[in-house]
Amino acid sequence: MSPPHPVLWHIRISNFSEKARWALDLKGVAHRRRAVPPGVHMAVCLALTRRVVTVPVLQLDDLAIGDSHRIIAALEQRYPDPPLYPEAAAERAQALGLEAFLDEHLGPHVRRYAFSEVFHDDAIFARHLRQMVVPPLATAATSAAPALKAMMRRRYAIDDDAGQRSLQQVRAVMHALEELLGDREHLVGDRFTVADLTAAALLAPLLVPPGLPYRDPDEPMPARMREVVEELRDRPAGRWVARTYARHRPRSAEDPAAAPEGPAASGR
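We now turn to the structure provided with this report. These numbers were taken from a predicted model, which means no experiment stands behind them. (Residues numbered from 1 in each chain as written. Predicted model: local features only at pLDDT ≥ 70, side-chain atom pairs only at ≥ 80, totals over all residues. Heavy atoms only, no water.)

Re the sheet that holds strand S3 (residues 57-60)
Under the convention used in this document: When DSSP finds two or more bridges between two strands, those strands count as paired. Each helix is a run of H or I in the DSSP string that is no shorter than four residues. Each strand is a run of E no shorter than two, and both are numbered from the N terminus. The axes used here are C-alpha line fits, helices contributing only the stretch in contact, and every angle between their N-to-C directions lies in the interval 0 to 180 degrees. In this description, contact between two residues means that some pair of their heavy atoms is separated by no more than 4.5 Å.
The strand order S2-S1-S3-S4 describes an open sheet built from four strands, whose pairing is mixed. Looking at which strands have only one partner, the edges of the open sheet turn out to be strand S2 (32-35) and strand S4 (63-66). Put simply, the sheet's adjacent strands are angled 20° from each other on average, direction ignored. Across four bridges, S3 lies against S4 in antiparallel orientation. Counted as the bridge partner of Leu60 is Leu63 from S4. Docked against the sheet, helix H2 (residues 40-49) engages strand S1 (7-10), S3 and S4, running at close to 35° with respect to S3.

Below, the structure written as structure tokens:
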């Protein structure tokens with residue numbers, strides 16, 4: 001009997017989930033996906049991993065792996081082609097260092113800024129909630145919007161001032177990426193690596209490039225946020241994200257014969 005497909009537990013609009021999805025899709029790893037309702041995700045992830053309370057979590061063989069960087073490391077070992085880690089030691093260290101830097105200094109700030117703006121428009125926030133869950137849970141998620149908003153404010157330290165500070169951090173990191181790229185197409189060496197994937201994936205839920213799963217590039221945004229997003233898309237780093245998605249983001253490798261996404265599954 002063939003081993004079961006890996007299972008990815010994710011939140012659809014999460015940038016760290018997109019990072020793991022992209023790695024699975026790039027390597028052509030047939031897998032199943034389980035969309036976890038926000039709020040509930042912490043209990044689910046803890047039950048699966050016994051240590052991690054955030055998405056994504058990948059069930060691979062008899063392991064439940066949390067954190068996107070650990071997921072990619074496991075995929076590199078199990079499915080080495082195409083590689084995301086450079087072969088040369090110095091370039092590998094640079095790529096992994098950039099991944100760690102972006103995970104800490106970019107990903108959380110994209111999330112905090114985006115929700116600080118979306119929280120001002122109840123209709124748009126409800127739309128985002130519906131995107132986070134499978135259709136049978138959409139009504140329940142919308143009804144729970146006030147409680148979820150309060151939970152997210154506490155969990156991620158979201159308010160207007162923090163959101164604006166995070167926006168400045170996003171701009172600063174995009175400037176650093178522009179300086180590093182110069183007139184090149186890759187952050188490390190001359191081929192696509194985990195550094196490129198991480199930078200593009202973590203910015204994607206804010207920039208919404210064509211090719212980003214589960215999102216509509218023309219979806220409504222609060223007016224002030226729309227102006228910021230258009231500004232960031234027009235930056236050299238924003239245009240690089242769009243090109244990177246066009247060139248390197250493949251179609252989903254999720255097994256179409258697998259059961260549809262849903263909240264129910266067994267633990268580890």
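Right, picking up where we left off after that structure.
Some remarks on the packing of helix H9 (residues 160-181) against helix H12 (residues 236-248)
For clarity, the cut-off: What sets the label is the angle itself: under 35 degrees gives roughly parallel, over 145 gives roughly antiparallel, 65 to 115 gives roughly perpendicular, and the rest give oblique.
It is the contact of H9 with H12, at a shortest axis distance of 8 Å, that shows an interaxial angle of 75°. Viewed along their axes, H9 and H12 adopt a mutual orientation that is roughly perpendicular. Between H9 and H12, the contacting residues are Met174, Glu178 and Leu181 on the first element and Pro236, Ala237, Gly238 and Trp240 on the second.

Remarks on the environment of Gln169
Here is the rule we go by: We call a residue buried when its accessible area falls under 20% of the maximum for its residue type, exposed when it is over 50%, and partly exposed in between, using a 1.4 Å probe and counting protein chains only.
Locating Gln169 in the fold gives a position in helix H9. For Gln169, a relative accessible area of 24% corresponds to the partly exposed category. The spatial distance from the C-alpha of Gln169 to the C-alpha of Leu106 is 7.3 Å, given a sequence separation of 63 residues.

With respect to the pattern of salt bridges
Which entries qualify depends on this criterion: Salt bridge criterion: a side-chain nitrogen from Lys or Arg within 4 Å of a carboxyl oxygen from Asp or Glu.
Per the counting criterion, the structure on display carries 16 salt bridges. Residue Glu18 is joined to Arg249 by a salt bridge in which the shortest nitrogen-to-oxygen separation is 2.8 Å. Within this pair, whereas Glu18 is found in helix H1 (residues 15-26), its partner Arg249 is found in the segment after H12, the two being separated by 231 residues in sequence. Residue Glu18 shares its accessibility class with Arg249, and that shared class is buried. The partner of Glu117 in a salt bridge is Arg224, and the shortest N-O contact between them spans 3.0 Å. Here the residue Glu117 occupies a position in helix H5 (residues 107-118), and Arg224 occupies one in helix H11 (residues 223-234), the gap between them amounting to 107 residues. Residue Glu117 is classed as buried on the basis of its relative accessible area of 3%. Judged by relative accessible area, Arg224 falls into the partly exposed class, the value being 45%.

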